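# Breakdown of the fold
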Amino acid sequence: MIIWYAGGSQWGALIGLGTPNPEAEPVIGLGHFTTPEFLWFYVYYIIFVAAFFAFWHRRAKHPWELWSILGSALILFVTYFNVQVSVAINNWRRPFFDGVQDALTEGSTITQADLFELIVVFAQLAFLFIAIIVVFRFFVSHWIFRWRTAMNDYYMARWKQVRHIEGASQRVQEDTMRFAGIMEGLGVSAVDAVMTLIAFLPVLWGLSEFVSELPIVGAIPAPLFTAAIVWSVLGTGVLALAGIRLPGLEFKNQRVEAAYRKELVYGEDREERAQPPTVRELFGDVRRNYFRLYLEYMYFNIFRFMYLQADNIFVYILLIPTIIGGAATGFTFGVLQQILTAFNQVSNSFQYLVNSWTTIVELLSIYKRLQSFEAAIDDKDLPDIDREWLDLHGGGPDQEVETIGSGV
């Protein structure tokens with residue numbers, strides 16, 4: 001990517017594939033994907049992926065290299081391609097909605113055939129997206145399961161070392177399963193958010209020419225581009241700060257639940273276990289941690305929903321001066337639709353952390369548990385949060401290995 005944006009995109013001219021022309025009108029429809037610039041990108045991507053794979057194949061041959069390297073490369077490419085479909089649809093919005101605006105004015109020359117022709121173009125792009133996303137999701141599901149398989153194989157190869165650890169079976173079966181499931185949605189969404197930023201930030205930069213000033217701040221360079229970044233980064237930072245304690249609480253929640261569950265399991269076979277005083281104390285730990293978790297989520301949701309509601313009208317506030325003076329600047333209904341879509345795409349990409357925070361918290365909790373599990377496998381020091389738990393609950397160095405799985 002660094003090479004591409006540092007000048008690699010211009011190298012296509014050396015083999016007759018042309019170079020991007022920022023002033024050229026965008027191609028509407030499927031032709032967007034067969035321009036010389038796109039054809040050069042396909043060639044460029046294949047060359048670099050092949051070189052990357054060849055290097056690692058020779059340096060560190062690995063049984064999962066095909067899925068790990070080539071599978072990842074395919075996911076990155078298809079994600080980028082799907083984002084470009086969104087860019088193509090955004091390019092379609094201007095002529096279509098300008099046509100709608102023209103058709104609603106007296107003396108319009110727009111015919112039904114003109115609008116139906118543009119609807120057909122949209123249908124072509126939509127069906128292309130559907131065809132790709134269905135096959136893509138199918139492939140990603142298999143790719144993620146191979147990741148789980150690799151983790152399972154790694155742990156089972158060391159089963160003799162870990163079978164005595166409390167909760168080892170849960171780590172190998174449940175946590176790897178949940179890790180894979182979360183990564184299928186969360187990981188692909190993260191890649192999609194990054195690719196969307198790469199694709200739509202230049203679009204928003206170009207559309208900034210229609211906006212001469214912003215409320216309060218007045219005229220600034222690339223106003224839409226700047227406003228989208230400042231607004232999104234500000235919101236993400238505030239919400240990350242509001243939810244900073246959630247991962248640790250979620251992790252501790254798994255600990256207290258495991259302690260309670262373990263005592264009940266022992267009580268199934270031994271009469272002296274799971275007695276009311278013990279169970280009451282353990283369930284009290286569960287209750288306290290859940291109540292703390294509910295309180296933290298309440299604080300987080302206050303900021304989260306305030307920000308999301310404000311985000312619904314933020315772009316309209318920015319555009320009010322431009323809308324009022326639109327007749328003099330060439331600002332049309334089609335341009336408005338393009339700006340709304342591009343701004344929302346950029347804003348939503350930056351808000352990935354906001355929209356996925358609950359899932360991220362769960363993933364971090366799983367990661368911390370697997371990290372503790374692997375610390376026992378490799379005979380390393382426990383993470384800080386595990387040592388803190390053991391200190392609080394009377395665990396000593398001799399007990400660490402026996403308590404990794406459930407945190408008891």
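Residues numbered from 1 in each chain as written. Predicted model: local features only at pLDDT ≥ 70, side-chain atom pairs only at ≥ 80, totals over all residues. Heavy atoms only, no water.

### Describing the packing of helix α6 (residues 168-207) against helix α7 (residues 223-242)
Quick note on the threshold: An axis is simply a line fitted to the C-alpha atoms; with a helix, the fit covers only the stretch in contact. Between two such axes, the angle follows the N-to-C directions and lies from 0 to 180 degrees. Only DSSP runs of H or I reaching four residues or more are called helices, and only runs of E reaching two or more are called strands; each is numbered from the N terminus. Should an angle fall under 35 degrees it is called roughly parallel, over 145 degrees roughly antiparallel, and 65 to 115 degrees roughly perpendicular, with every other angle called oblique. The contact criterion used is simple: two residues touch if any of their non-hydrogen atoms lie within 4.5 Å.
Two numbers describe how α6 lies on α7: the axes approach to 6 Å, and their chain directions differ by 135 degrees. Accordingly, the angle class assigned to the pair α6 and α7 is oblique. Across the interface between the two elements, L201, L204, W205 and L207 from α6 touch L224, F225, A228 and I229 from α7.

### A short note on the nonpolar core
Counted only if it meets this: By nonpolar core we mean a set of buried residues, namely Ala, Val, Leu, Ile, Met, Phe, Trp, Tyr and Cys, connected to one another through side-chain atoms within 4.5 Å. Type-normalised accessible area, obtained with a 1.4 Å probe on protein chains alone, sets the label of each residue: buried when under 20%, exposed when over 50%, and partly exposed for intermediate values.
Core analysis: the biggest nonpolar cluster contains 57 residues, and F33, F200, L319 and I339 have the highest contact counts within it. Counting residues per element, the ones that place at least two in this core are α2 (36-59), α3 (65-103), α6, α7, α8 (246-269), α9 (276-324), α11 (333-350) and α13 (357-377). With near-sequence residues (within four places) excluded, L319 lies in contact with V211, L224, L336, I339 and L340. I75, I182, A193 and I360 belong to the second largest nonpolar core, which has 25 residues in total.

### Concerning the side chain of D311
Selection criterion: For the purpose of charge, His is not counted, nor are the chain termini; Lys and Arg are scored as positive and Asp and Glu as negative. Criterion for a salt bridge: a side-chain nitrogen of Lys or Arg within 4 Å of a carboxyl oxygen of Asp or Glu.
Looking at the element boundaries, D311 is found in helix α9. Within the buried set, D311 has no salt-bridge partner at all; the shortest N-O distance to an opposite charge, 11 Å, is to R304. Contact partners of D311, with chain neighbours within four places excluded, come to W231, S347 and Q351.

### Describing the packing of α3 against helix α4 (residues 112-156)
To keep it simple, the criterion reads: Should the near helix be turned counterclockwise from the far one by less than a right angle, the crossing is left-handed, whereas a clockwise turn marks it as right-handed. Residues were grouped as follows: Ala, Val, Leu, Ile, Met, Phe, Trp, Tyr, Cys and Pro as nonpolar; Asp, Glu, Lys and Arg as charged; and all remaining residues, including Gly, as polar.
It is at 10 Å that the axes of α3 and α4 come closest, and there the two elements cross at 160 degrees. With respect to their mutual orientation, α3 and α4 come out roughly antiparallel. α3 and α4 meet at a crossing whose hand is left-handed. Taken together, the residues of the contact of α3 with α4 break down into 26 nonpolar, six polar and one charged.

### Points about the confidence of the model for the protein
Convention followed: Confidence per residue, as judged by the predictor, is encoded in pLDDT with a range of 0 to 100.
Summing up the model confidence of the protein, the mean pLDDT is 79 and the portion of residues at 70 or higher is 88%. Here residues 392-408 is modelled with pLDDT under 50, and outside its nearest four sequence neighbours on either side it reaches 34 contacts, counting other chains as well.

### Brief notes about the pattern of salt bridges
Side chains carrying opposite charge are able to pair once their charged atoms draw close together. A complete count under the given rule lists two salt bridges for this structure. Note that K61 and E65 form a salt bridge whose closest N and O atoms lie 3.5 Å from each other. K61 sits in the exposed class, given a relative accessible area of 61%. Classification of E65 as buried rests on a relative accessible area of 7%. D285 is paired through a salt bridge with R288; the nearest N and O atoms lie 2.3 Å apart. Of the two residues, D285 and R288 both sit in helix α9, three residues apart, roughly one turn of that helix.

### Structural notes on α7
The following threshold applies: Given a helix with a known number of residues, its expected span is that number minus one, times 1.5 Å.
In this model α7 runs 28 Å from its N-terminal to its C-terminal C-alpha over 20 residues, within 8% of the 28 Å that 1.5 Å per residue would give. Taken together, the buried positions of α7 are occupied by P223, L224, F225, A227, A228, W231, S232, G235, T236, L239 and A242.

### Structural notes on α4
The first and last C-alpha atoms of α4 sit 65 Å apart over 45 residues, in line with the 66 Å expected at 1.5 Å per residue. Among all positions of α4, only L118, V121, L125, F136, V140, W143, I144, M151 and Y155 are buried. Check the buried side of α4 and you find it contacts α3, α5 (159-162), α6 and α13.

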